[in-house]
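Chain and residue survey
The primary structure of each chain is shown beneath.
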Amino acid sequence: GESVGLHLPTLSVQEGDNSIINCAYSNSASDYFIWYKQESGKGPQFIIDIRSNMDKRQGQRVTVLLNKTVKHLSLQIAATQPGDSAVYFCAESSGNTPLVFGKGTRLSVIA
Amino acid sequence: DVKVTQSSRYLVKRTGEKVFLECVQDMDHENMFWYRQDPGLGLRLIYFSYDVKMKEKGDIPEGYSVSREKKERFSLILESASTNQTSMYLCASRDSGTGVGELFFGEGSRLTVL
């Protein structure tokens with residue numbers, strides 16, 4: 001299937017700063033995108049999703065931005081906290097096909 | 001609270017053994033999935049099922065099979081375990097409703113094949 005990749009495998013941020021995690025996708029037919037957070041020893045947990053008819057969606061302290069022109073997705077976390085330390089995965093799908101996941105970015109929050 | 005339960009969190013098996021990984025969801029979801037997670041490779045799809053008795057190959061089905069006899073249960077089977085199948089296995093389910101939507105994951109089953 002089409003690949004979903006990440007620009008940075010690791011990201012370290014100071015507590016209180018904003019974090020930006022990037023993701024590139026290659027399937028121009030993808031119409032649904034999603035971010036997951038995975039803490040050590042746990043399964044991935046849903047953070048936020050966005051459909052291709054939108055370019056921005058906000059949740060609590062998180063914002064997802066979608067740029068279909070360059071096939072780029074980003075997750076912004078405001079006021080990053082130690083509890084945000086985890087591996088973050090982006091994923092995409094087209095129609096009702098299964099999600100295709102990226103390789104993940106590890107976010108480390110420095111207190 | 002929605003729940004996907006994987007019966008075994010940690011398993012150690014020997015090469016050539018038959019291994020069953022069980023997954024049960026209590027959300028009445030039609031869609032169920034098995035992914036494999038390895039460091040640096042992310043989550044890769046092994047098999048999925050969109051309904052009872054139905055199964056489809058994912059990206060890496062070789063060496064695996066699945067069973068979906070009941071809606072709530074999706075089993076992953078390793079017919080003859082090999083060391084390269086040492087990995088974290090994640091089961092997930094999804095409401096088929098609109099055809100898209102978040103996957104709900106279990107806590108994972110970490111399999112070591114010696």
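Residues numbered from 1 in each chain as written. Chains lettered and ligands numbered in written order. Predicted model: local features only at pLDDT ≥ 70, side-chain atom pairs only at ≥ 80, totals over all residues. Heavy atoms only, no water.

1. A short note on the interface of chain B and chain A
Every contact between the two is made by 23 residues of chain B and, on the other side, 20 residues of chain A. Looking at the side of chain B facing chain A, the largest losses of area belong to Leu-43, Val-100 and Glu-102 of chain B, adding up to 27% of the total buried there. Between chain B and chain A we count 7 residue pairs in polar contact (both at pLDDT 80 or more) in total. Counting only elements with at least two residues in the side of chain B that touches chain A, the list comes to strand 5 (31–38), strand 6 (42–49) and strand 10 (87–94) of chain B. At 4 residues, the largest contribution of residues to the side of chain B that touches chain A is made by strand 6 of chain B. By residue class, the composition of the side of chain B that touches chain A is 11 nonpolar, 7 polar and 5 charged. (Contact = heavy atoms within 4.5 Å. Buried area = accessible area lost by both parts, 1.4 Å probe. Polar contact = N/O pair within 3.5 Å; in protein donor to acceptor, adjacent residues only side chain to side chain. Helix = DSSP H or I, 4+ residues; strand = E, 2+ residues; numbered from the N terminus. Nonpolar A, V, L, I, M, F, W, Y, C, P; charged D, E, K, R; others polar.)

2. Observations regarding the pattern of salt bridges
Residue and element names in this part refer to chain B. Overall, the coordinates contain 9 salt bridges over all chains when judged by the stated rule. Here Glu-79 makes a salt bridge to Lys-18, at a shortest N to O gap of 3.5 Å. Remark: Lys-18 occurs in the loop between strand 2 (10–13) and strand 3 (19–21) and Glu-79 occurs in the loop between strand 9 (73–78) and strand 10; sequence separation between them is 61 residues. Residues joined by salt bridges that share partners form a network here, namely Asp-28, Glu-30 and Lys-71. (Salt bridge = Lys/Arg side-chain N within 4 Å of Asp/Glu carboxyl O.)

3. Section: the side chain of Gln-38 of chain A
Along the polypeptide, Gln-38 of chain A turns up in strand 4 (residues 32–38). Of the residues examined, Gln-38 of chain A reaches a relative accessible area of 10% and is grouped as buried. Within the structure, Gln-38 of chain A has its side chain in polar contact with the backbone oxygen of Lys-42 of chain A (distance 2.9 Å). In this structure Gln-38 of chain A touches Gly-43, Pro-44, Ala-86, Val-87 and Phe-89 of chain A together with Gln-37 and Leu-90 of chain B, once residues within four positions along its chain are discounted. (Buried < 20%, exposed > 50% of the residue type's maximum accessible area, 1.4 Å probe, protein only.)

4. Some thoughts on the packing of aromatic side chains
This model, assessed by the stated rule, comprises 12 aromatic pairs over all chains. Judged by centre distance (5.7 Å) and plane angle (45°), the rings of Tyr-36 of chain A and Phe-101 of chain A are tilted. You can see Tyr-36 of chain A sitting in strand 4 and its partner Phe-101 of chain A sitting in strand 10 (residues 100–101), a full 65 residues away along the chain. When its relative accessible area of 0% is taken as the criterion, Tyr-36 of chain A is described as buried. Through a chain of ring-to-ring contacts, three or more aromatic side chains come together here, namely Tyr-36, Phe-89 and Phe-101 of chain A together with Phe-33, Tyr-35, Phe-48, Tyr-50 and Phe-105 of chain B. (Phe/Tyr/Trp six-rings, centres within 6.5 Å; stacked < 30°, edge-to-face > 60°.)

5. A few points about the environment of Arg-9 of chain B
Along the polypeptide, Arg-9 of chain B turns up in the loop between strand 1 (4–6) and strand 2. Put simply, Arg-9 of chain B and Arg-36 of chain B are 27 residues apart on the chain and 14 Å apart in space, counted from C-alpha to C-alpha. Ignoring sequence-local partners within four residues, the contact set of Arg-9 of chain B consists of Gly-41 of chain A together with Glu-107, Gly-108, Ser-109 and Arg-110 of chain B. Within the local environment of Arg-9 of chain B, its side chain forms a polar contact with the backbone oxygen of Gly-41 of chain A, the two atoms lying 2.9 Å apart.

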